[in-house]
Structures are given as C-alpha cells and as structure tokens.
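Observations on chain architecture
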Amino acid sequence: MFWGSLSHRADSALPAPSETRPPIAIALQGGGAYGAYAWGVLDRLLEEDDLPIAGISGASAGAINAVVTAWGLLDGGRQGARDALRQLWTAVGNMSLLSPLGLPGASLQFDLLTRVVSPYQFNPLNINPLRDLLVRMVDFERLCAEGRIPLFISATNVNTGDQRIFREKEITVDVLMASSCIPYVSQAVEIDGQPYWDGGFSSNPPILPLVVETACRSLLLVKLTADDEPELPKAAPEIFARLKRILFNAPLLRDLDALAEMQKLLHRTNLLPQDLRRLRDLVLHKVTIDHAFFGASSGSALDPRPEMLTKLFDAGRAAADEGAGLWFPSADIRSPVQARH
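Residues numbered from 1 in each chain as written. Predicted model: local features only at pLDDT ≥ 70, side-chain atom pairs only at ≥ 80, totals over all residues. Heavy atoms only, no water.

1. Comments concerning the overall build of the protein
Within the protein one finds 12 helices and 8 strands. Within the protein, the proportion of its 341 residues that are buried is 52%. In the protein, the proportion of contacts linking residues at least 24 apart, taken out of those at least 6 apart, comes to 80%. Carbon and sulfur atoms form 56% of the exposed surface of the protein, whose accessible area is close to 15700 Å². (Helix = DSSP H or I, 4+ residues; strand = E, 2+ residues; numbered from the N terminus. Buried < 20%, exposed > 50% of the residue type's maximum accessible area, 1.4 Å probe, protein only. Contact = heavy atoms within 4.5 Å. Areas by Shrake-Rupley, 256 points an atom, 1.4 Å probe, with all protein chains shown as cover.)

2. Quick word on helix H6 (residues 129-137)
All buried positions along H6 are accounted for by Leu-133, Leu-134 and Met-137. For H6, the angular spread of the buried residues around the axis is 95°, confining them to a single face. With a side-chain oxygen lying 3.0 Å from the backbone nitrogen of Leu-130, the N-terminal cap of H6 falls on Asn-128. (Arc of directions from axis to C-beta. Polar contact = N/O pair within 3.5 Å; in protein donor to acceptor, adjacent residues only side chain to side chain.)

3. Thoughts on the nonpolar core
By size, the foremost hydrophobic cluster in this structure holds 69 residues, and its most contacted members are Val-68, Leu-88, Leu-134, Ile-171, Leu-312 and Trp-327. Looking at this core element by element, the count peaks at 16 residues for helix H3 (residues 61-97). Here Leu-134 is in contact with Ile-64, Val-68, Leu-88, Phe-140, Val-173, Leu-176 and Met-177, once residues within four sequence places are set aside. Counting 21 residues, the second-largest nonpolar core is a separate cluster that includes Ala-54, Val-212, Leu-266 and Leu-272. (Core = buried A, V, L, I, M, F, W, Y, C linked by side-chain atoms within 4.5 Å.)

4. Regarding the environment of Asp-314
Tracing the chain through its elements places Asp-314 in helix H12 (residues 306-323). For the pair Asp-314 and Gly-40, spaced 274 residues apart in the sequence, the C-alpha separation amounts to 6.1 Å.

5. Structural notes on the packing of aromatic side chains
Enumeration over the complete set of coordinates arrives at 4 aromatic pairs. Note on Trp-39 and Phe-313: the rings are 4.2 Å apart at their centroids and 40° apart in plane angle, and the pair reads as tilted. Taken together, the positions of Trp-39 in helix H2 (residues 35-45) and Phe-313 in helix H12 put the pair 274 residues apart, joining distant regions of the chain. Relative accessible area serves as the criterion here: at 5%, Trp-39 is assigned to the buried category. A relative accessible area of 7% means that Phe-313 is categorised as buried. Taking the centre distance of 5.9 Å and the plane angle of 70° together, the rings of Phe-166 and Tyr-196 count as edge-to-face. Within this pair, whereas Phe-166 is found in strand E4 (residues 163-167), its partner Tyr-196 is found in strand E6 (residues 194-198), the two being separated by 30 residues in sequence. Both residues of the pair, Phe-166 and Tyr-196, belong to the buried class. In this structure, Arg-86 packs its charged tip against the face of Phe-313, placed 5.1 Å from the ring centre. (Phe/Tyr/Trp six-rings, centres within 6.5 Å; stacked < 30°, edge-to-face > 60°. Lys NZ or Arg CZ within 6 Å of the ring centre and 35° of its normal.)

6. Description of the confidence of the model for the protein
The pLDDT averaged across the protein works out to 85; a share of 82% of its residues lies at or above 70. The low-confidence segment residues 1-19, where pLDDT is below 50, has 31 contacts with residues more than four positions distant or belonging to other chains. Below pLDDT 50 for its whole length, residues 329-336 participates in 15 contacts with residues either more than four positions away or in separate chains. (pLDDT = per-residue confidence, 0-100.)

7. A short note on the pairing of strand E7 (residues 218-223)
Counting buried positions along E7 yields 6 of 6 residues, so the element is predominantly enclosed. Of the two faces of E7, the one carrying Ser-218, Leu-220 and Val-222 and the one carrying Leu-219, Leu-221 and Lys-223 are both buried. Pairing analysis gives 5 bridges linking strand E1 (residues 24-28) to E7, with the strands arranged parallel. Across the sheet, residue Leu-28 finds its bridge partner in E7, namely Val-222. (Pairing = 2+ DSSP bridges.)

8. Re H12
Under the 1.5 Å per step criterion, the end-to-end length of H12 is 26 Å for 18 residues, consistent within 8% with the ideal 26 Å. Listed in full, the buried residues belonging to H12 are Met-308, Leu-309, Leu-312, Phe-313, Gly-316, Ala-320 and Gly-323. Buried positions in H12, seen along its axis, are confined to an arc of 135° and lie on one side of it. Counted as exposed and oriented over 90 degrees from the buried face of H12: Lys-311 and Glu-322. (Expected span 1.5 Å × (residues − 1).)

9. Concerning the packing of H2 against H12
Direction vectors running N to C along H2 and H12 enclose 40°, while the axes themselves pass 6 Å from each other. On the basis of their axis angle, the class for H2 and H12 is oblique. The hand of the H2/H12 crossing is right-handed. Two secondary-structure elements touch here, H2 through Ala-36, Tyr-37, Trp-39, Gly-40, Val-41, Asp-43 and Arg-44 and H12 through Leu-309, Leu-312, Phe-313, Ala-315, Gly-316, Arg-317, Ala-319, Ala-320 and Asp-321. The class makeup of the residues in the contact of H2 with H12 is 10 nonpolar, 2 polar and 4 charged. (Axes fitted to C-alpha atoms, helices over the stretch in contact; angles between N-to-C directions. Parallel < 35°, antiparallel > 145°, perpendicular 65-115°, else oblique. Left-handed = near helix turned anticlockwise from the far one by under 90°. Nonpolar A, V, L, I, M, F, W, Y, C, P; charged D, E, K, R; others polar.)

As structure tokens, this is what we get:
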C-alpha cells in the first residue's frame, strides 16, 4: 500500500528546491497527562514562522494535541495554535483539581477499582468532561472543510485489533475520543458501526502514512516513553506502569524499524523517482521525555495536576529549544533513519 502511494505521487506535490527550510512532519506519541510535554515542544516549534509543516500524526493525547494545533493554525495562525494548546492544557489541569484522583492514595484505589469494575459500570452515562471541552474549543465542521494541515489520527478497532487512520476530512470529536479511549477508564467509541479503543495500542503514533503521504523532508518524533528507564521496577504499581509503557511503545518501535528497512533498500540504487529519493533521505529527529517523570512522586498519566503539567511543558520547551537547530536541515543533508538494532 505504501509503495503504491509513493509511486503514484506527483513530483509537483513536493516543495520547491529553493526552500531554505524543508517541510517537517510531526509525530506525537500518546501518553495521557504526559502530552503536556509535547505541548511544550509544539509551543517552541510554532515560534518558527517560516517552518513549513507537512503534516501531523498522533495517537491518544498526541491526537488531541495534533487536532488542537491544526485548529489553532486555521483559526489564528501560529500564535492561534499556541493559544489553543495553552487553553486546552490549562483547562485539563483545572479539571484535575476537581477530580478525586488528586486525593492521597486515590490513584491506587482507582487503579484497583478499574481491575474489577468496568467503565460501563462505574460510568454508565459515559460522562467525559474532556469531550465537552473539545466540543467547545474546536469547530470540527470548519476544520474538516477548511483545514490545511494533513492529519493522521490513529484508533484501534476493538473487534479486529487493526489500526484505523483518520484523515483531516474525517476528524470529529468522536474520532478524538476513540483515539484516546483507555478501555479500563472509558467506554469504547463507536464510529461507522465499529467500536474503537486508544490508538496507542496499534499505532503510537502513525509514522509510515505520515512520511509516505506528505512531502516532508524530515520527521520530528515527540516521544512520551523514555528511551531508557534504568531502574528495575519491583513494586506492583511500578511494574504495571512500566508494562503499560512498554506495550504502548511497541507499535512505534515496529514502525521505526520498518522505515529504517525501507531506507536501507532504497539506498541500494540511485535510479529512483523524486519521491522515493525523498523517503530514502528522510531525516529523523526525536525529542524524548526523561524517565524521571515516571517516578511515583511525579504524578501519573491519569492525574494531570497543574503543577505537573507546567513541569512537563517547561521540559518539552527546553528540550525542543536545545535541538531546534537540528530540525532545519539544508536540502542536501543525507541522514537516513537508523534502525534500533
């Protein structure tokens, strides 16, 4: 499917060689409250007025960040996107102040509850304040009709386990709720007669469609799972939390390996059409959250306290600022994606 898409793309879709900053694609991994780290990265990125954005992909919190960014860009330009992201995460933090999860020991009790009681039992009316917030913030009809940023939002089909990638003309609040649906916290979201759970189970975030179906020359991956967590978890909650992060990171590692293998094959010949050369020479940049944020004293993905979100935002901005010079390679740079092995 991906090779077919490449071979049929028109060369005219690619940016002109004279562009000083080649278009960049942004892939946003999911991670609940840790999505505030990606907010910081995006806030720094959006300060670059002349940086072309080829497309954005996301799963779960990454999907929400992606769509709110696209909406802000449409409604108010780059500053509008920064303002929209700040409005989103400020509201999320304020909602957490009213949540019982902020009480001492409540997170552990809720974790135990969700192992024996389903969301169909403890939340039969399927109340979701985040859904209401997004409906107030985003004009989804206008975004679908007028949005200019290609979007790739993942969700997981509950019946088949397959990923589904929703594009910019399909984005609704239900799509975002499906992409961020943790099955032991929220009821499955039905779209086109099919139930969906969190996109992080199958594509976290979408990588291959993003780099194949856009004209990007580089890919910025915002990763909400640490590259290395050196401490061995021994307490039961820590083991369970680490296991969840490993499971949610597995689809990304699979896609990065597949992309690296594609590039190795493409480097075997120079007799390639322009778009295959673009994929061969694609440059990967990563901004990765520090493992220290996963400590017991730092909060959890389900408890977005304002002070935690502020620390995540500041860390994301700082990491993005440190690596920003690498995001703008000149057109003649050749730095293929490296396999993890």
